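# Geometric and topological summary
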Number of protein chains: 2
Amino acid sequence: MALIVQKFGGTSVKDRSRIFNVARIIMNTRNAGHDVVVVVSAQGDTTDDLIAKAAEISSSPSRREMDMLLASGEQISIALLAMALQELGVSAVSLTGWQAGFNTDRAYSRARIKRMDTERVESELARNRVVVVAGFQGLNRSDDITTLGRGGSDTSAVALAAALHADRCQIYTDVEGVYTADPRKIPKATKLKEITFDEMLELASLGAQVLNNRSVELAKKYNVELEVISSINPVPGTVVKEEANVEGMLIKGVAKDSDVAVISVKNVPDVPGMSFKVFSLLAQRNINVDIILQSSGAEGKKDLSFTVPLGDAESAVAALQNGASRFGGGEISVDKNCAKVSIVGAGMQSHSGVASTMFEALFSQNINIKMISTSEIKISVIIDEQDADKAVAAIHDAFIN
Amino acid sequence: MALIVQKFGGTSVKDRSRIFNVARIIMNTRNAGHDVVVVVSAQGDTTDDLIAKAAEISSSPSRREMDMLLASGEQISIALLAMALQELGVSAVSLTGWQAGFNTDRAYSRARIKRMDTERVESELARNRVVVVAGFQGLNRSDDITTLGRGGSDTSAVALAAALHADRCQIYTDVEGVYTADPRKIPKATKLKEITFDEMLELASLGAQVLNNRSVELAKKYNVELEVISSINPVPGTVVKEEANVEGMLIKGVAKDSDVAVISVKNVPDVPGMSFKVFSLLAQRNINVDIILQSSGAEGKKDLSFTVPLGDAESAVAALQNGASRFGGGEISVDKNCAKVSIVGAGMQSHSGVASTMFEALFSQNINIKMISTSEIKISVIIDEQDADKAVAAIHDAFIN
């Protein structure tokens, strides 16, 4: 007998039939002898509907009132799911975020969990009830409702699993697990049985949007074993944990991220403080810089190239142009026709030849590499956007199939 | 400068334009120098939509989960109204029932308020904010959400006004106040400036469905001055208070109630305990009996006649037939073609001739009286349903116009 936290997203509870589907998954877990705590998001389009209602009232509603408004969405889904469980004969009780003990900071719409107070959840478990908890929401020190922002329900589930010392936290989704590449693009992509937290973090940040990064970080911090699993097809999913069985796999996945622009600043004076001056301009606008490459240019000058999210490219160029005097001019250019293709695998750090295998695969397709970035468990290249799918297929072939 | 509690029903906040209409009423009250606490119901059809969602899941959902579900409705409307106030430049904050300190008993779906904890509301008022409170809901001692049942938001408003020692509690509705008769039927009906709690209670129970009886009882108990007022037409409404200025008006209203059936039990043995035996059969089925009339029948026998709500008539007759042996047989008949017409007025108790004026008005229309019932501030007659409107008009003419 184990304690399992199960998280279901908004699509999984969008209507009567999906709610009963979820209730049966929970019932089966219960019948297998486990204690179950469930974390649920708002139903299907509820959050969008509520946002639309607010937009009718104000173009910039207060964040506190938005959180008050949006938190009603999960309150509806937890009540309906508890009813469905009871209808199946499973003893169940619903709890809002504040009832379940989610204490957060004051940052409305993007609050962070400060402390879990699990007394109520534990007392309901002791009464042999399935506890259905509203994800995405908490309470701040002023007793006001907060929400956790994007992917908040995943974070709720992991935080609850950590606080309850649950044996596993299952994240139910529309996919069957984590794949070696996007299965819609690469038919040969295979589902991973296991993956480490670090590999998952690299894959998530590279555009394999299965799990929210914040929840993986939290799971890693508190060593909560995650499972990404399908709510439609009842087969084992992918387990995310500290040490994964690599089974001879050097790399765990090939990911493509097209949300990338490369910005170049040429002929920056080669004196101390120039990089700081360039990147502080971007930090002021909250623009995240990913890969950075510095090369020597003309005499006494250097060139800087870096990637930013595509949507931030114009803003980044404007910031650089406005502040150009700070770093002594320089020719600023932007290339929006880029993609980042990466391989991730904890195994690669102890194996030589991984990079060269990747570059060989790209060369075999005559694909030009614009930038390269490496970490202990990841190699990323920036290439032309139109080559990206071909690149992923070739790299996947070289390493996995 | 006064403290005013304003209550708005679901129709008043059903869409964007109605929400802003309400926000402007509040803003005007605020601009007149008053502190304002607002109590709001769920938007228009929200509660019905939520009930329909629950009905899809279960034919008999748990009351606890229903309350969890339904309470989300007011949470939406308070957030939207607070946003609208802020959009108009009025400082405002929304509070759920539990945040506003409504402590109730455990009776889900029909909870009663046990204690008000006004600390939060008072601290928000001290910050010069309009406080927008969710009506209809509270929290029980287990920290679970409860709802107050039908007319609950009126009750919330009065309870809050009592606890805050508010100067007035305004109940905004679709009508302009309390009338001497139903203005859709009696064009000459006039709006009352003032009415006593007792008169309002008699009128409410007689079918003039302006205010929920429970809220009037609560207002009377804590001496909270109520005002029934239109949210559409900004004119003074009707004030309900302990002592009303009668202005020479003997009666305050003429009311018709067609939801009445007369049941007669003839030839019951005239020995002690027979009335108890008859009426305990009805109490077992939770059937409320209103007017009771007892007359002597054949030798050693008596006849009992009484009124019940029309929808309970069949059930009452069945109960009496099943238990007929307990009161020695008796001939049971039912008359569903009845109406109760009543006059209400605190002034009548000190004036003779009120009853005779009423009966004269009925006689002038050749209307036969089947039963008569009187209290200190009310006279009711049971007549044929088809005579009811004519009776109301004649009585209204005799007393008011």
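Only a predicted model underlies this, so the values are computations on that prediction, with no experimental measurement involved.

A count of helical and extended segments in chain A gives 11 helices and 20 strands. For chain A, the C-alpha radius of gyration of 24 Å lies close to 21 Å, the compact-globule estimate for 401 residues. Each principal axis of the C-alpha distribution contributes one length, and for chain A these read about 75 × 50 × 35 Å. Taken over 401 residues, chain A has a buried fraction of 54%. Within chain A, contacts between residues separated by at least 24 positions form 74% of all contacts whose residues are at least 6 apart in sequence. When the accessible area of chain A is evaluated, it comes to approximately 17,000 Å², of which 46% is carbon and sulfur surface. Side chains of chain A give 42 positive and 49 negative charges; the mean places of these two sets differ by 3 Å.

Right, let's get into the interface of chain A and chain B. Facing 43 residues of chain A, the contacting portion of chain B comprises 43 residues. In this assembly, chain A packs against chain B so that about 3,300 Å² is buried in total across both faces, 60% of it on carbon and sulfur atoms. Of all residues in chain A, Ile-57, Gln-75 and Met-83 of chain A give up the largest surface area on contact with chain B, accounting jointly for 21% of the area buried on that side. Taken together, the links from chain A to chain B amount to 2 salt bridges. In this structure, the salt-bridge partner of Arg-120 of chain B is Asp-144 of chain A, at a minimum N-O distance of 2.8 Å. Seen at the junction of chain A and chain B, the total is 18 residue pairs in polar contact (both at pLDDT 80 or more). Breaking the side of chain A that touches chain B down by element, the ones donating at least two residues are helix 1 (16-31), helix 2 (46-57), helix 3 (63-87) and strand 3 (92-95) of chain A. The biggest single contributor to the side of chain A that touches chain B is helix 3 of chain A, with 17 residues. Looking at side-chain class alone, the side of chain A that touches chain B contains 23 nonpolar, 11 polar and 9 charged residues.

Next up on the list: the UniProt feature "binding site: substrate" (unreviewed entry) in chain A. Residue and element names in this part refer to chain A. With numbering matched to this structure, UniProt assigns "binding site: substrate" (unreviewed entry) to Thr-47 and Glu-74. Sequence-wise these annotated residues cover 28 residues; spatially they are packed, their C-alpha atoms never more than 8.9 Å apart. Take Thr-47: it is sitting in helix 2. By relative accessible area, which is 23% here, Thr-47 ends up partly exposed. Among all residues touching Thr-47, those that are not within four sequence positions of it are Ala-42 and Leu-70.

Before going further, it helps to spend a moment on helix 11 (residues 388-399) of chain B. All names here are of chain B. Between the first and last C-alpha of helix 11 there are 17 Å, a value that for 12 residues agrees with the 16 Å anticipated at 1.5 Å per step. Along helix 11, the residues classified as buried are Ala-388, Ala-391, Val-392, Ala-394, Ile-395, His-396 and Phe-399. Here the buried face of helix 11 lies against strand 13 (253-257), strand 18 (338-344), helix 10 (354-364) and strand 20 (378-384).

This part covers the packing of helix 2 (residues 46-57) of chain B against helix 3 (residues 63-87) of chain B. All names here are of chain B. Interhelical geometry of helix 2 versus helix 3 gives an angle of 150° and a closest axis separation of 9 Å. Between helix 2 and helix 3, the angle falls in the class roughly antiparallel. Every pair of crossing elements has a handedness; the one defined by helix 2 and helix 3 is right-handed. Of the residues in helix 3, those touching helix 2 at Thr-46, Thr-47, Leu-50, Ile-51 and Ala-54 are Met-66, Leu-69, Leu-70, Ser-72 and Gly-73. In terms of residue class, the contact of helix 2 with helix 3 is built from 6 nonpolar, 4 polar and no charged.

Moving on, we get to the sheet that holds strand 10 (residues 194-196) of chain A. One key point about sheets: their strands pair by backbone hydrogen bonds, in either a parallel or an antiparallel sense. Residue and element names in this part refer to chain A. The strand order across the open sheet formed by 8 strands is 3-6-2-1-9-11-12-10, and the pairing between neighbours is mixed. Strands with a single pairing partner mark the edges of an open sheet, and in this sheet they are strand 3 and strand 10. Taking each pair of neighbouring strands and ignoring which way they run, the sheet shows an average axis angle of 20°. The sheet contact formed by strand 9 (residues 168-173) and strand 11 (residues 226-230) spans 5 bridges and is parallel. Within strand 11, the residue paired with Cys-169 across the bridge is Leu-226. Relative to the sheet, helix 4 (residues 119-126) contacts strand 1 (3-8), strand 2 (35-40), strand 3 and strand 6 (130-134), its axis offset from that of strand 2 by approximately 135°.

What follows deals with the sheet that holds strand 17 (residues 331-335) of chain B. Residues and elements named next belong to chain B. The strand order 15-16-14-17 describes an open sheet built from 4 strands, whose pairing is antiparallel. Only two strands of the sheet have a single neighbouring strand rather than two, namely strand 15 (292-296) and strand 17. Averaged over all pairs of adjacent strands, the angle between their axes in this sheet comes to 15°, without regard to strand direction. In the sheet, strand 14 (residues 261-269) pairs with strand 16 (residues 301-308) via 7 bridges, with the strands oriented antiparallel. Bridged to Ile-263 within strand 16 is Phe-306. Along the sheet, helix 8 (residues 274-284) contacts strand 14, strand 15 and strand 16; its crossing angle with strand 16, the most-contacted strand, is approximately 30°. On the sheet, helix 9 (residues 313-322) packs against strand 14, strand 16 and strand 17 and is oriented at approximately 15° with respect to strand 14.

As a further point, take the environment of Ala-244 of chain B. Residues and elements named next belong to chain B. Mapped onto the elements of the fold, Ala-244 is located in the loop between strand 12 (238-241) and strand 13. Along the backbone, Ala-244 and Glu-194 are 50 residues apart, and their C-alpha atoms lie at a distance of 5.5 Å. Leaving out residues up to four positions away in the same chain, Ala-244 has contacts with Glu-194, Ile-195, Thr-196 and Lys-252.

The next point concerns the environment of Ile-291 of chain A. Residue and element names in this part refer to chain A. Tracing the backbone through its elements, the reader meets Ile-291 in the loop between helix 8 (274-284) and strand 15 (292-296). Residue Ile-291 is classed as buried on the basis of its relative accessible area, which comes to 3%. Along the primary structure Ile-291 and Phe-306 are separated by 15 residues, whereas in three dimensions their C-alpha atoms are 5.4 Å apart.

What counts and how
- Residues numbered from 1 in each chain as written.
- Chains lettered and ligands numbered in written order.
- Predicted model: local features only at pLDDT ≥ 70, side-chain atom pairs only at ≥ 80, totals over all residues.
- Heavy atoms only, no water.
- Helix = DSSP H or I, 4+ residues; strand = E, 2+ residues; numbered from the N terminus.
- Rg over C-alpha atoms; globule rule 2.2 N^0.38 Å.
- Buried < 20%, exposed > 50% of the residue type's maximum accessible area, 1.4 Å probe, protein only.
- Contact = heavy atoms within 4.5 Å.
- Areas by Shrake-Rupley, 256 points an atom, 1.4 Å probe, with all protein chains shown as cover.
- Lys, Arg positive; Asp, Glu negative; His and termini not counted.
- Charge placed at Lys NZ, Arg CZ, Asp CG, Glu CD.
- Buried area = accessible area lost by both parts, 1.4 Å probe.
- Salt bridge = Lys/Arg side-chain N within 4 Å of Asp/Glu carboxyl O.
- Polar contact = N/O pair within 3.5 Å; in protein donor to acceptor, adjacent residues only side chain to side chain.
- Nonpolar A, V, L, I, M, F, W, Y, C, P; charged D, E, K, R; others polar.
- UniProt positions renumbered as here; feature names shortened; annotations may be inferred.
- Expected span 1.5 Å × (residues − 1).
- Axes fitted to C-alpha atoms, helices over the stretch in contact; angles between N-to-C directions.
- Parallel < 35°, antiparallel > 145°, perpendicular 65-115°, else oblique.
- Left-handed = near helix turned anticlockwise from the far one by under 90°.
- Pairing = 2+ DSSP bridges.

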